[in-house]
Amino acid sequence: MKKIITLLVLTITLASCVSKKEYAALEAKHAQTKDQLLAVETNLQKCLIEKEKQETKAFALGEQVKYLKEDKKTALKQVENLTVLTQSSSDNIKNVISQLSEKDKYINGVRKAMTQKDSLNLAIKYHLTKNLTDGIQDKDIEVNVEKTVVFISISDKLLFKSGSYNVTDKAYTVLEKIAKVINDQPKMEVMIEGHTDTTPIKRDLIQDNWDLSALRATSITRILQYKYGVKPERLIAAGRSQYIPLAPNDTAENKSKNRRTKIIIMPKLNQFFDLLEQDAE
């Protein structure tokens with residue numbers, strides 16, 4: 001037993017005798033080993049993170065592949081349906097093309113009829129202007145063509161006394177010339193419109209400007225019918241009162257412009273359709 005204790009003491013003594021140099025070397029090697037271990041652990045962590053990223057990316061790509069496969073199936077089905085639709089509707093397409101061709105012919109016919117109507121209106125305007133301007137001041141009577149309608153606007157002072165619906169003697173000269181042009185166009189309708197200013201009026205048989213404008217229109221209508229032979233079925237009498245002014249009713253001059261009678265020469269609808277039928281034939 002004593003020998004064993006002596007041996008242990010001797011061993012410890014020898015171990016304690018290791019040089020400081022060797023101890024420092026061992027410490028340095030230990031520190032190097034720790035650094036290497038830390039570097040390995042760091043790289044391992046990076047690898048794990050990269051692995052997770054790649055797995056996420058792979059999952060996303062897998063989902064995209066699934067979507068593309070489904071989309072491909074849908075597209076193929078749509079192509080199949082389109083093919084079937086195209087085959088089944090080819091006859092319908094031919095019918096549509098044929099109908100479009102017929103519509104083009106109809107539209108061309110409408111254009112031609114409109115051209116004829118425009119030419120007719122211009123001819124009417126020419127004759128009216130030529131006849132009406134003889135001995136009448138231009139500012140008192142005006143002839144215009146708008147779309148398919150001829151408008152004759154006659155100043156109030158040429159036809160009526162102030163606030164009256166009785167036609168003056170000098171009005172007959174104008175109305176006779178207008179009636180001649182109207183009678184030369186038996187297929188046209190004629191509307192007579194009375195217009196007033198905003199000055200209030202109330203007297204026997206006249207309650208307001210509605211009455212005055214309507215009575216003036218009927219007075220002109222009667223003269224065209226009874227004195228100059230315009231067929232009554234072609235005539236329309238209308239009162240527009242003060243509500244379609246040419247100018248603001250703020251001066252005597254503007255009010256004079258607004259007091260007027262319009263004679264409108266317009267085509268009958270059946271005449272227009274007759275032109276279309278002629279073109280079709």
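Described in the following lines is the structure provided in the data block. The structure presented is a predicted model; accordingly, all values stated were derived computationally and were not measured.

Examining the environment of E189
- You can see E189 is positioned in strand β3 (residues 188-195).
- With relative accessibility at 25%, the residue E189 sits in the partly exposed group.
- When the C-alpha positions of E189 and K268 are compared, they lie 6.2 Å apart, and in sequence the two are 79 residues distant.
- What E189 contacts, discounting residues up to four positions off in sequence, is R234, I236, I264, I265, M266 and K268.

Focus: a nonpolar patch on the surface
- A cluster of nonpolar side chains, W210, Y243 and I244, forms an exposed patch at the surface whose accessible area comes to about 330 Å².
- Mapping W210 onto the fold places it in helix α5 (residues 209-227).
- Relative accessible area serves as the criterion here: at 43%, W210 is assigned to the partly exposed category.

Comments concerning the sheet that holds β3
- With mixed pairing, five strands are arranged side by side in an open sheet as β1-β2-β5-β3-β4. Of all the strands in the sheet, the pair left with one neighbour each is β1 (141-146) and β4 (235-239). Strand-to-strand, the axes of this sheet are offset by a mean angle of 20°, without reference to chain direction.
- The pairing of strand β2 (residues 149-155) with strand β5 (residues 260-267) spans six bridges and is classified as antiparallel. Looking at β5, one finds that V150 is bridged to I265.
- Most of the contacts of helix α4 (residues 171-183) go to β5, to which it runs at about 10°, and overall it touches β1, β2, β3 and β5.

Thoughts on the nonpolar core
- Counting 27 residues, the largest nonpolar core has I152, I154, I182, I192, I220, L224 and I263 as its most contacted members.
- Going through the elements one at a time, β1, β2, α3 (156-159), α4, β3, α5 and β5 are the ones with two or more residues in this core.
- Broken down by element, the residue count for this core peaks at six residues, all from α4.
- For I182, the contacting residues outside a window of four places in its chain are V190, L224, V230, R234, I263 and I265.
- Formed by six residues, the second largest nonpolar core is a distinct cluster that contains F151, M191, A238 and M266.

Observations regarding the layout of surface pockets
- Each pocket or cavity is described by its volume, and for the largest pocket that value is around 420 Å³.
- As for the largest pocket, its lining consists of 17 residues, of which E142, S153, L246, K257 and R260 are closest to the centre.
- For the lining of the largest pocket, the element with the highest residue contribution is β2, accounting for five residues.
- When grouped by side-chain class, the residues that make up the lining of the largest pocket number five nonpolar, four polar and eight charged.
- Counted as a void, the second largest pocket has a volume near 150 Å³.
- Taken together, 14 residues form the lining of the second largest pocket, with S162, G163, D197, L212 and R259 sitting closest to its centre.
- In terms of residue count, α5 provides more of the lining of the second largest pocket than any other element does, three residues in total.
- In terms of residue class, the lining of the second largest pocket is made up of three nonpolar, five polar and six charged.

Conventions used here
- Residues numbered from 1 in each chain as written.
- Predicted model: local features only at pLDDT ≥ 70, side-chain atom pairs only at ≥ 80, totals over all residues.
- Heavy atoms only, no water.
- Helix = DSSP H or I, 4+ residues; strand = E, 2+ residues; numbered from the N terminus.
- Buried < 20%, exposed > 50% of the residue type's maximum accessible area, 1.4 Å probe, protein only.
- Contact = heavy atoms within 4.5 Å.
- Patch = residues over 30% accessible without salt bridge, like charges linked within 9 Å, V, L, I, M, F, W, Y side chains within 5 Å.
- Areas by Shrake-Rupley, 256 points an atom, 1.4 Å probe, with all protein chains shown as cover.
- Salt bridge = Lys/Arg side-chain N within 4 Å of Asp/Glu carboxyl O.
- Pairing = 2+ DSSP bridges.
- Axes fitted to C-alpha atoms, helices over the stretch in contact; angles between N-to-C directions.
- Core = buried A, V, L, I, M, F, W, Y, C linked by side-chain atoms within 4.5 Å.
- 1 Å grid on protein atoms, 1.4 Å probe; cavity = no way out; pocket = protein on both sides within 12 Å on 5 of 7 lines; lining within 4 Å.
- Points joined across faces, edges and corners; volume = space filled by probe spheres on them.
- Nonpolar A, V, L, I, M, F, W, Y, C, P; charged D, E, K, R; others polar.

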